[in-house]
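Notes for the structure review
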Amino acid sequence: MSGLFNMENPFWQALGKLADLMILNICFLICCIPVFTIGAALTGLNYVTLKMHDGEEGYIIKSFFKSFRQNFKQATGMWLITILVAAILVGDILILRDMTGMFYTVLRVIIIIICIACVMVFLYQYAILARFDNTVRNTFRNSFIMAIADFPRTVAMIAIAAAAIVVTFFNNTTLTWALLFWILGGFAIMSYCNTTFLSKIFQKYMPKEESNENPDFWDVDETMGAAPKDTDGETDGTGTEDGNESVEDVIEDKSPSSAARITEHAGSTDSEGNEESQE
């Protein structure tokens, strides 16, 4: 009986994580109200769920709004670009819907392929922005490369999202219950499910050994270097709290399945050289 009230009990841990996800979902929904801030809200959502998956969630609200504020400019720009591209694609589909002929059929197929590629990028872009510091252009490009490099996991995430949408709009009854689900914690739960795949994908771009001194400091090894970024854009001597990492341009393939090599963390070469000289 004493084990039932032990806070280390898996039941209480799961219940606590569910409560954290519900709080996170409320923060996300509030920040989505202005609409144009949805990109920054998605970045904060992915940032917290990634840390929750790694067991480093800390303060949910504080971490969410730090990431929201830190990535606001880039995330908003990416969101506006996404909306613009989606509007163009939907407009093209509506225009070509009633047109017949081989040319228009081929054109519709091409547009559908582009739509699928955009969905793949969308699943990755805000998670990459949450973990790595990079330009908008390179974030989009790295999102596409990671989605292709880990295509099975990408398909799994698309399948989960598609299943959730189908169940939501299946009929009026499911729509009612689904709305309750999405309001109480659905977006955060979906994001947490995706981190099961995303965290494994990001591990390929992270160092084999990470420092445990600061759980908010995510570094990258020689082949995929990174520069941590503080909330105010400055770094300190021990790393950054709730900081991002730098992902530079895609230079070459990391594996036969293709991935991104990222510029080495500034100063890492010098520190390694000093260690070798001391030895």
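Residues numbered from 1 in each chain as written. Predicted model: local features only at pLDDT ≥ 70, side-chain atom pairs only at ≥ 80, totals over all residues. Heavy atoms only, no water.

Within the secondary structure layout, Thr-154 lies in helix 7 (residues 151-168). Within the local environment of Thr-154, its side chain forms a polar contact with the side chain of Tyr-124, the two groups lying 2.7 Å apart. When near neighbours in sequence (up to four residues on either side) are disregarded, Thr-154 contacts Met-120, Leu-123, Tyr-124, Met-146 and Ala-147. (Helix = DSSP H or I, 4+ residues; strand = E, 2+ residues; numbered from the N terminus. Polar contact = N/O pair within 3.5 Å; in protein donor to acceptor, adjacent residues only side chain to side chain. Contact = heavy atoms within 4.5 Å.)

Okay, the confidence of the model for the protein chain next. When pLDDT is averaged along the protein chain, the result is 78; 71% of the residues meet or exceed 70. The low-confidence segment residues 245-279, where pLDDT is below 50, has 74 contacts with residues more than four positions distant or belonging to other chains. (pLDDT = per-residue confidence, 0-100.)

Glancing now at the layout of surface pockets. Approximately 1,100 Å³ is the volume attributed to the largest pocket. In terms of residue count, the dominant contributor to the lining of the largest pocket is helix 5 (residues 102-131) (10 residues). (1 Å grid on protein atoms, 1.4 Å probe; cavity = no way out; pocket = protein on both sides within 12 Å on 5 of 7 lines; lining within 4 Å. Points joined across faces, edges and corners; volume = space filled by probe spheres on them.)

This part takes up the pattern of salt bridges. Taken as a whole, this structure holds three salt bridges when the rule is applied. A salt bridge links Arg-131 to Asp-54, with the nearest nitrogen and oxygen atoms 3.0 Å apart. Of this pair, Arg-131 sits in helix 5 while Asp-54 sits in the loop between helix 2 (38-53) and helix 3 (60-70), and the two are 77 residues apart along the sequence. The buried category is assigned to Arg-131, whose relative accessible area is 4%. For Asp-54, a relative accessible area of 32% translates into the label partly exposed. Ionic pairing is found between Asp-150 and Lys-204, a salt bridge with its closest N-O pair at 2.8 Å. Residue Asp-150 is found in the loop between helix 6 (136-149) and helix 7, and its partner Lys-204 is found in the loop between helix 8 (172-203) and strand 2 (245-246); the two are separated by 54 residues along the sequence. (Salt bridge = Lys/Arg side-chain N within 4 Å of Asp/Glu carboxyl O. Buried < 20%, exposed > 50% of the residue type's maximum accessible area, 1.4 Å probe, protein only.)

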